[in-house]
Amino acid sequence: MKLTVVGCSGSFPSAESACSSYLVEADGYRLLLDMGNGALGELQRHCGLYDLDAIVLSHLHADHCIDMCAYFVARYYRHEGGRCEPIPVHGPKGTEQRLTTAYADTPTEKSMSEVFDFRDLAPRSTFRLGPLTVTADRVRHPVETYGFRVEHDGRALVYSGDSGPCDALCDLARGADLFLCEASFTDGKEDIPELHLNGRQAGECGRRAGAERLVLTHIPPWTDPRHNLRDAQNAFDGPVEMARPGAVYEI
């Protein structure tokens, strides 16, 4: 698998990065994990606008899904070749209604489903997307939110979505070759266990899971990434780095 960081800023785009979005490729298949603010523009640096095969949304906060509204425009009103065929979109229950409401003026209430094939995620579920096997489980966040384990040819990538500390996330990350984990909070500064992880907690989860490599993501513009990186390195036994836009990882 190849992982490309499309955007990695938390809560809102920074001057350097769009919000959460990650492109996973294997055997010519392209899966996008999340499509937050600013992601659609950045995505076009890495693949064609109509080259995605499937999209998986961890949850329905704007910084993880709102550019789906812009992508709807691109797929619904495409001039060359007519309207696009529906692409699978796996997300929490209510994804279609949420995006339709956010767009505010779709031609009909079902216009989104003309170009997106909406499919509900479920806890502890596993499904196939092309050559990829995806396992989803609920993680700890105020709204219905999922972390994902993406496997191909004996290798595993795990993406946390947004989560506070929880067993489900560490279980998903068990033995992962790359653990892409949010670290929004600063240890000793914010402490809201139902919301996000800090760098130390991300490192502890990765160590507990026996992950091989840890990449921290979803750092809000007000959080010092150096602090979180240092805390994660102190807690995790393997290599740790910060996600950055355009970074590519072979898994």
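Further up the page is the structure itself.
An account of the accompanying structure is given in this report.

1. Details of the sheet that holds strand β12 (residues 214-217)
Inference 1: In spatial order, the strands read β7-β8-β9-β10-β11-β12-β13; together these seven strands make up an open sheet with mixed pairing. Across the chains shown, the open sheet's two edge strands, defined by having one partner strand only, are β7 (125-129) and β13 (240-242). For this sheet the average axis-to-axis angle between neighbouring strands, irrespective of direction, equals 20°.
Inference 2: Its contacts with the sheet put helix α7 (residues 199-209) on β11 (178-182) and β12, and the angle it makes with β11 is roughly 150°.

2. Structural notes on the nonpolar core
Nonpolar side chains tend toward joint burial in soluble globular proteins.
Inference 1: Membership of the largest hydrophobic core comes to 30 residues, with the highest contact counts inside it found for L3, V24 and L31.
Inference 2: With residues near it in sequence (within four places) discarded, V24 still touches M1, K2, L3, Y29, R30, L31, L33, L132, V150 and L157.

3. Examining the pattern of salt bridges
Inference 1: With the rule as written, the count across this model stands at 15 salt bridges.
Inference 2: Two residues, D117 and R119, come together in a salt bridge whose shortest N-O distance is 2.7 Å.
Inference 3: Overall, D117 belongs to the partly exposed group, its relative accessible area being 30%.
Inference 4: R213 serves as the salt-bridge partner of E241, at 2.8 Å between the closest nitrogen and oxygen. Of this pair, E241 sits in strand β13 while R213 sits in the loop between α7 and β12, and the two are 28 residues apart along the sequence.
Inference 5: Put simply, K2, E25 and R30 are held in one network by salt bridges that share partners.

4. Quick notes on the packing of aromatic side chains
Inference 1: For the coordinates displayed, the defined rule picks out eight aromatic pairs.
Inference 2: Ring-pair connections join several aromatic residues into one group, and the members of that group are F72, Y76, Y77 and Y103.

5. A few points about the state of the cysteines
Inference 1: All chains considered together, the criterion is met by zero disulfides.
Inference 2: With no disulfide of its own, C8 has C19 as its nearest cysteine by sulfur position, at a separation of 9.4 Å.
Inference 3: C84 supplies the cysteine sulfur nearest to C47, a cysteine that is in no disulfide, at a spacing of 13 Å.
Inference 4: The exposure class assigned to C47 is buried, which follows from its relative accessible area of 9%.

What counts, and at which threshold
- Residues numbered from 1 in each chain as written.
- Predicted model: local features only at pLDDT ≥ 70, side-chain atom pairs only at ≥ 80, totals over all residues.
- Heavy atoms only, no water.
- Pairing = 2+ DSSP bridges.
- Helix = DSSP H or I, 4+ residues; strand = E, 2+ residues; numbered from the N terminus.
- Axes fitted to C-alpha atoms, helices over the stretch in contact; angles between N-to-C directions.
- Contact = heavy atoms within 4.5 Å.
- Core = buried A, V, L, I, M, F, W, Y, C linked by side-chain atoms within 4.5 Å.
- Buried < 20%, exposed > 50% of the residue type's maximum accessible area, 1.4 Å probe, protein only.
- Salt bridge = Lys/Arg side-chain N within 4 Å of Asp/Glu carboxyl O.
- Phe/Tyr/Trp six-rings, centres within 6.5 Å; stacked < 30°, edge-to-face > 60°.
- Disulfide = S-S within 2.5 Å.

These figures come from the coordinates and say nothing about function on their own.
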